Amino acid sequence: MTGSTTPASAGRTPATVLGRAGASGAAVGLWYALPDYVDRRRSRVLAKLAILAGAGVVFARRQDPDSSPTAPSAVGTTPGRGPGPLDTAGQGQLADETAGTRARLKNLNPGLVIGLGATILIVGIGANIATERWIHRFGERLKANGSSRPHTAIGLIAGSLTALASLDDLPSPRE
């Protein structure tokens, strides 16, 4: 990717990425497996809060104490390679596109931006709640059909897929 300027040492080491992927997968797996082990709804809520807190601690920790976060370059370059394919004659085309987008966003009516953001937030929360309920009902149907620990099976699948999806942050060998 030519627009990336984040070096592998700035918190993207393979061990860090693998640890975060494992933590993500474990959190999601535990989240969905809870109904098999915790019967009372109030206790499940407390357990889910503990899962969120644990995941929050893992992801809030600064991964590399010696490095400071690096701001992405406005020019489409890759470290050690000079101008990338998006860079034309030293003037970053990527930078021009970003500046133009920012300028257009600054000219929008704040009420419109807030309304659009609130709408997206509400639709996203609603979709999340609907999905969570569907997954829970699916597990309950599996349980009613005689499956042993159906929510655990769902949790293992969801956690594994989450961990695999998190591996896209692994640095390439060229970085």
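Being a predicted model, the structure only gives us computed values, none of them experimental.

A. Spatial organisation of the packing of helix α1 (residues 14-37) against helix α5 (residues 150-166). Between α1 and α5, the least distance of the axes is 7 Å, while the angle of their chain directions is 165°. One way to sum up the angle between α1 and α5 is to call them roughly antiparallel. As α1 packs across α5, the resulting crossing turns out to be right-handed. Contact with α1, carried on its side by Val17, Ala21, Ser24, Gly25, Val28, Gly29, Tyr32, Ala33, Pro35, Asp36 and Tyr37, involves Pro150, His151, Thr152, Ile154, Gly155, Ala158, Gly159, Thr162, Ala163 and Ser166 of α5 and no other residues of that element.

B. Representation of the packing of aromatic side chains within the structure. All chains considered together, the criterion is met by one aromatic pair. Between tryptophan 134 and phenylalanine 138, the ring centres sit 5.5 Å apart and the planes meet at 10°, which makes this aromatic pair stacked. Placement of the pair is tryptophan 134 and phenylalanine 138 together in helix α4 (residues 110-144), with a separation of four residues, close to one helical turn. A residue is classified by how much of its surface remains accessible, and tryptophan 134, at 46% relative accessible area, is partly exposed.

C. A look at α1. With 24 residues, α1 should cover 34 Å at 1.5 Å per step; its first-to-last C-alpha distance of 33 Å lies within 8% of that length. Where α1 bends most, the angle comes to about 35°, and this point is tryptophan 31, followed within four residues by the proline proline 35.

D. Inspection of the side chain of aspartate 36 at higher detail. The residue aspartate 36 is located in helix α1 in this model. Lysine 143 provides the closest opposite charge to the buried, salt-bridge-free aspartate 36, at an N-O distance of 4.7 Å. At a separation of 2.9 Å, a polar atom in the side chain of aspartate 36 contacts the main-chain amide nitrogen of histidine 151. Residues contacting aspartate 36, with those up to four places away along its chain left out, are Lys143, Arg149, Pro150, His151 and Thr152.

E. Quick look at the nonpolar core. Formed by Ala27, Leu34, Val38, Ile51 and Ala55, the largest nonpolar core amounts to five residues. Those elements that provide at least two residues to this core are α1 and α2 (41-60). Look past the residues within four positions of valine 38 in its chain and what remains in contact with it is Ser43 and Arg44.

F. Structural detail: the packing of α4 against α5. Closest axis-to-axis distance for the α4/α5 pair is 8 Å, and the angle between their directions is 135°. In terms of axis orientation, α4 runs oblique to α5. Contact with α4, carried on its side by Ile135, His136, Phe138, Gly139, Glu140, Leu142 and Lys143, involves Pro150, His151 and Ile154 of α5 and no other residues of that element. For the contact of α4 with α5, the class distribution of residues is five nonpolar, three polar and two charged.

G. Quick peek at unusual backbone geometry. One non-glycine residue, arginine 149, lies in positive phi territory at about 55°. Structurally, arginine 149 is set in the loop between α4 and α5. Overall, arginine 149 belongs to the partly exposed group, its relative accessible area being 43%.

H. Broad picture of a nonpolar patch on the surface. Together, Val45, Leu46, Leu49 and Leu52 make up an exposed nonpolar region whose accessible area comes to about 390 Å². Mapped onto the elements of the fold, leucine 46 is located in helix α2.

I. Highlighting a positive patch on the surface. Where like charges cluster on the molecular surface, the positive patch consists of Arg41, Arg133, Arg137 and Arg141. When residues of the positive patch are assigned to their parent elements, the largest contribution, three residues, is made by α4. As for its placement among the helices and strands, arginine 41 is situated in helix α2.

J. Focus on the confidence of the model for the protein. When pLDDT is averaged along the protein, the result is 80, and 72% of the positions lie at 70 or above. Every residue in residues 1-9 scores below 50 in pLDDT, and together they form 24 contacts with partners more than four places removed in sequence or on other chains. Segment residues 65-69: pLDDT under 50, and five contacts once partners within four positions in sequence are set aside and those in other chains are kept.

Conventions adopted
Residues numbered from 1 in each chain as written. Predicted model: local features only at pLDDT ≥ 70, side-chain atom pairs only at ≥ 80, totals over all residues. Heavy atoms only, no water. Axes fitted to C-alpha atoms, helices over the stretch in contact; angles between N-to-C directions. Helix = DSSP H or I, 4+ residues; strand = E, 2+ residues; numbered from the N terminus. Parallel < 35°, antiparallel > 145°, perpendicular 65-115°, else oblique. Left-handed = near helix turned anticlockwise from the far one by under 90°. Contact = heavy atoms within 4.5 Å. Phe/Tyr/Trp six-rings, centres within 6.5 Å; stacked < 30°, edge-to-face > 60°. Buried < 20%, exposed > 50% of the residue type's maximum accessible area, 1.4 Å probe, protein only. Expected span 1.5 Å × (residues − 1). Bend = angle between axes of the 7 residues up to and from the residue. Lys, Arg positive; Asp, Glu negative; His and termini not counted. Salt bridge = Lys/Arg side-chain N within 4 Å of Asp/Glu carboxyl O. Polar contact = N/O pair within 3.5 Å; in protein donor to acceptor, adjacent residues only side chain to side chain. Core = buried A, V, L, I, M, F, W, Y, C linked by side-chain atoms within 4.5 Å. Nonpolar A, V, L, I, M, F, W, Y, C, P; charged D, E, K, R; others polar. Patch = residues over 30% accessible without salt bridge, like charges linked within 9 Å, V, L, I, M, F, W, Y side chains within 5 Å. Areas by Shrake-Rupley, 256 points an atom, 1.4 Å probe, with all protein chains shown as cover. Charge placed at Lys NZ, Arg CZ, Asp CG, Glu CD. pLDDT = per-residue confidence, 0-100.

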